[in-house]
Amino acid sequence: APVPVTVVAVKQRSVDITATALGTVAAQYTVTDSPQVGGQLLSLHFSEGGKVERGQVLARIDARTNQASVGEAQASLRRDQAPLATARANYERANSPAYRQYVSRTDLETQRNQVTQYEAAVAATQASLSAARVQLNHTAVASPISGIAGMRHVDAGNVVAAGSGLVTVTQTQPIQVVFNLAERQLGALRQARAA
């Protein structure tokens, strides 16, 4: 059948000009969340394909060994603080105006050096305690970004090593779309964007 022809009144209005192109959706950040300490993986706290927030604990690793290391470092610190307190008391007594005349200069320097030596031992033990606490904190594996959790790479009950991937988290907000247009369309696109 023939196509009917109709007539309409002319109207002035804006008409969208569209350009069609193939594109790729790409996340700005994709992170493979990995433990920083090894041990038995006790539990996972995310759903595959589910949303996770930055700082959310995704997995827990057995912390008993790390807790024992913290306790050992605390005991070592107390052990090192005792001779430091004694050395300080001896030095302060020997350096006081009442006793200074009875103590040789060599003995006074020896006592001062002994205080310095024990202070260094306490500082080293405090550093060991701080390192043990950091390792203990790493038994809770948290997400560094907000996004969508992928498939888990390991199940609870397995022994994981430091650096082994547990899950990949992909940021979805904001997200990028990358596409290519023909060069002949670029001029019109720039004019439209400027307007």
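Described in the following lines is the structure provided in the data block. Bear in mind that the values here come from a model prediction, so they are computed numbers and not experimental data.

**What about the sheet that holds strand 5 (residues 57-61)?**
Piece 1. Taken together, the 4 strands give an open sheet; going across it, the order is 6-5-3-8, and neighbouring strands pair in antiparallel fashion. Of all strands in the sheet, those with a lone pairing partner are strand 6 (140-142) and strand 8 (159-160), marking the two edges.
Piece 2. Taken together, the 2 bridges between strand 3 (residues 39-44) and strand 8 define a ladder with antiparallel strand orientation. Bridge pairing links Gly-39 to Val-160 in strand 8.

**Regarding a nonpolar patch on the surface**
Piece 1. Taken together, the side chains of Val-25, Ile-175, Val-177 and Phe-179 make up a nonpolar region of the molecular surface, amounting to roughly 380 Å² of accessible area.
Piece 2. The element contributing the most residues to the nonpolar patch is strand 10 (residues 175-179), with 3 residues.
Piece 3. On the basis of relative accessible area, Phe-179 is assigned to the partly exposed category, the value being 46%.

**Considering helix 2 (residues 105-137)**
Piece 1. Compared with an ideal rise of 1.5 Å per residue, which puts 33 residues at 48 Å, helix 2 spans 48 Å between its outermost C-alpha atoms and is within 8% of the ideal.
Piece 2. Taken residue by residue, helix 2 has Leu-108, Val-115, Val-122, Thr-125, Leu-129 and Ala-132 as its buried positions.
Piece 3. Looking at the buried residues of helix 2, the elements they touch are helix 1 (64-95).

**Topic: the pattern of salt bridges**
Close approach of charged atoms allows side chains of opposite charge to pair.
Piece 1. Taken as a whole and assessed by the stated rule, the structure comprises 7 salt bridges.
Piece 2. We note a salt bridge from Glu-48 to Arg-152, for which the minimum N-O separation is 3.2 Å. Separated by 104 residues along the polypeptide, Glu-48 in the loop between strand 3 and strand 4 (51-52) and Arg-152 in strand 7 (residues 147-152) bring together distant segments of the chain.
Piece 3. Accessibility expressed as a relative area gives 40% for Glu-48, which makes it partly exposed.
Piece 4. Its relative accessible area of 38% is what places Arg-152 among the partly exposed residues.
Piece 5. For Glu-109, the salt bridge goes to Arg-105, with nearest N and O atoms at 3.8 Å. Of this pair, Glu-109 and Arg-105 both sit in helix 2, 4 residues apart, roughly one helical turn.
Piece 6. Residue Glu-109 is classed as partly exposed on the basis of its relative accessible area of 33%.
Piece 7. What you see here is one network of salt bridges that share partners, running through Glu-48, Arg-152 and Asp-155.

Analysis parameters
The numbering scheme is per chain: residues are counted from 1 as the chain's sequence reads. In keeping with the predicted nature of the model, local features appear solely for residues at pLDDT of at least 70, side-chain atom pairs appear and are counted solely at 80 or more, and the whole-chain, interface and lining totals rest on all residues. The basis for every side-chain value is the complete set of heavy atoms in the structure, and neither hydrogens nor water enter the calculation. Pairing between strands is defined by DSSP: at least two bridges between the two strands are required. Under the DSSP-based scheme used, a helix requires at least four consecutive residues in state H or I and a strand at least two consecutive residues in state E, with every element numbered from the N terminus. Only residues whose relative accessible area exceeds 30% and that form no salt bridge enter a patch; like-charged residues are grouped when within 9 Å of one another, and nonpolar side chains (Val, Leu, Ile, Met, Phe, Trp, Tyr) when within 5 Å. Each accessible area is a Shrake-Rupley estimate made with a 1.4 Å probe; only the visible protein chains count as cover when residues are assessed. Salt bridges are defined by distance alone: a side-chain nitrogen of Lys or Arg within 4 Å of a carboxyl oxygen of Asp or Glu. Only protein chains enter the calculation, and the probe is 1.4 Å; a residue is then buried if its accessible area is under 20% of its type maximum, exposed if over 50%, and partly exposed in between. A helix's residues, less one, multiplied by 1.5 Å, set its expected span. Contact between two residues is taken to exist if any of their heavy atoms lie within 4.5 Å; hydrogens are not considered.

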